[in-house]
Amino acid sequence: MDYRIGHGYDVHRIEPGLKMWLGGVLVSSELGFVAHSDGDVAIHALCDALLGAAALGDIGKLFPDNDDKWAGADSKELLRIVMERVREKGWEVSNVDITVALQAPKIGHCVPRMREVLASVMDIEKDQVSVKATTTERLGFVGRGEGCECWAVALLHR
Ligand code: MG
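Residues numbered from 1 in each chain as written. Predicted model: local features only at pLDDT ≥ 70, side-chain atom pairs only at ≥ 80, totals over all residues. Heavy atoms only, no water.

### Notes on the pattern of salt bridges
Tallied over the full model, the rule gives 8 salt bridges. Note that R80 and E77 form a salt bridge whose closest N and O atoms lie 2.7 Å from each other. Note that R80 and E77 are positioned in helix α3 (residues 75–88) at a spacing of 3 residues, about one turn of the helix. Accessibility expressed as a relative area gives 36% for E77, which makes it partly exposed. (Salt bridge = Lys/Arg side-chain N within 4 Å of Asp/Glu carboxyl O. Helix = DSSP H or I, 4+ residues; strand = E, 2+ residues; numbered from the N terminus. Buried < 20%, exposed > 50% of the residue type's maximum accessible area, 1.4 Å probe, protein only.)

As structure tokens, this is what we get:
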């Protein structure tokens, strides 16, 4: 068996009055993410982890933010396309693990649904998808509520 590991990272700015799509779930909040797409920072980090593991470039190359085709794009659709590319190269997902750093709102209660949605979009089992949420103890731009930061790792096998 051949294995590959990949890492992804993304940040989006937070502003009031926008939608907060995170991990494929619409989080109930007065705050949301500024972005060209729907701003789902967790899915973007996950896509980069998958693309990185398969050495397929990055999400910015695949879905340029100066291309109107991806304006307001549903990030679940981007993840579906990334999974197609990964599988075209013969890779299957062993597991993925995502960490979300967000000061507010609290999203712990959304995590089970995020795992379900991501597993469904990726066509893998829920126990292959981990999502963890943390604050940064009010430190840095995340702690001041200015943005959300996400990291993801993906392990592939073939
Ligand atoms: Mg992004």
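### What about the packing of aromatic side chains?
Summed over the entire model, instances satisfying the criterion amount to 2 aromatic pairs. Judged by centre distance (5.7 Å) and plane angle (45°), the rings of Y9 and W151 are tilted. With Y9 in strand β1 (residues 3–16) and W151 in strand β7 (residues 147–157), the pair connects residues that are 142 residues apart, well separated along the chain. Look at Y9 and you get partly exposed, because its relative accessible area is 37%. In this structure W151 comes out as partly exposed when scored by relative accessible area, which is 31%. For the ring pair F63 and W70, a centre distance of 4.7 Å and an interplane angle of 80° mean the geometry is edge-to-face. (Phe/Tyr/Trp six-rings, centres within 6.5 Å; stacked < 30°, edge-to-face > 60°.)

### A few points about the coordination of the magnesium ion
The protein atoms donating to the magnesium ion are D10 (OD), H12 (NE2) and H44 (ND1), with metal-donor distances spanning 2.1 to 2.3 Å. Mapped onto the polypeptide sequence, the residues donating to the magnesium ion form the spacing pattern D-x1-H-x31-H. Residue H12 is located in strand β1, and its partner H44 is located in helix α1 (residues 41–53); the two are separated by 32 residues in the primary sequence. For the residue pair H12 and H44, the accessibility class agrees, reading buried in each case. (Donors = N, O, S within 2.8 Å, 3.2 Å for Na, K, Ca; no water.)

### A short note on α3
With 14 residues, α3 extends 20 Å between its outermost C-alpha atoms, agreeing within 8% with the 20 Å of an ideal straight helix rising 1.5 Å per residue. All of the buried residues in α3 are S75, K76, L78, L79, I81, V82, M83 and V86. Looking at the buried positions of α3, the neighbouring elements they touch are β2 (20–22), α1, α2 (59–62), β5 (92–101), α4 (111–122) and β7. Where α3 begins, the side chain of D74 points an oxygen toward the backbone nitrogen of K76, at a separation of 2.8 Å. Positive backbone phi, at 90°, marks G90, one or two positions downstream of α3. (Expected span 1.5 Å × (residues − 1). Contact = heavy atoms within 4.5 Å. Polar contact = N/O pair within 3.5 Å; in protein donor to acceptor, adjacent residues only side chain to side chain.)

### Quick word on the pairing of β1
Pairing analysis gives 11 bridges linking β1 to β7, with the strands arranged antiparallel. Residue pairing across strands places V11 opposite E149, the latter belonging to β7. (Pairing = 2+ DSSP bridges.)

### A closer look at a nonpolar patch on the surface
Taken together, the side chains of Y9, V11 and W151 make up a nonpolar region of the molecular surface, amounting to roughly 240 Å² of accessible area. Inspection of the secondary structure assignment puts V11 in strand β1. The class for V11 is partly exposed, based on a relative accessible area of 30%. (Patch = residues over 30% accessible without salt bridge, like charges linked within 9 Å, V, L, I, M, F, W, Y side chains within 5 Å. Areas by Shrake-Rupley, 256 points an atom, 1.4 Å probe, with all protein chains shown as cover.)

### Focus: the sheet that holds β7
A sheet is described by the order of its strands in space; here 5 strands give the open sequence β4-β1-β7-β5-β6, paired in mixed fashion. Looking at which strands have only one partner, the edges of the open sheet turn out to be β4 (31–33) and β6 (129–134). Taken over all neighbouring pairs, the strand axes of this sheet differ in orientation by 25° on average, direction set aside. With 6 bridges joining them, β5 and β6 adopt parallel strand pairing. Considered in β6, the bridge of I98 is made with V131. Sitting on the sheet, α1 is in contact with β1, β4, β5 and β7, with an inclination near 160° to β1. (Axes fitted to C-alpha atoms, helices over the stretch in contact; angles between N-to-C directions.)

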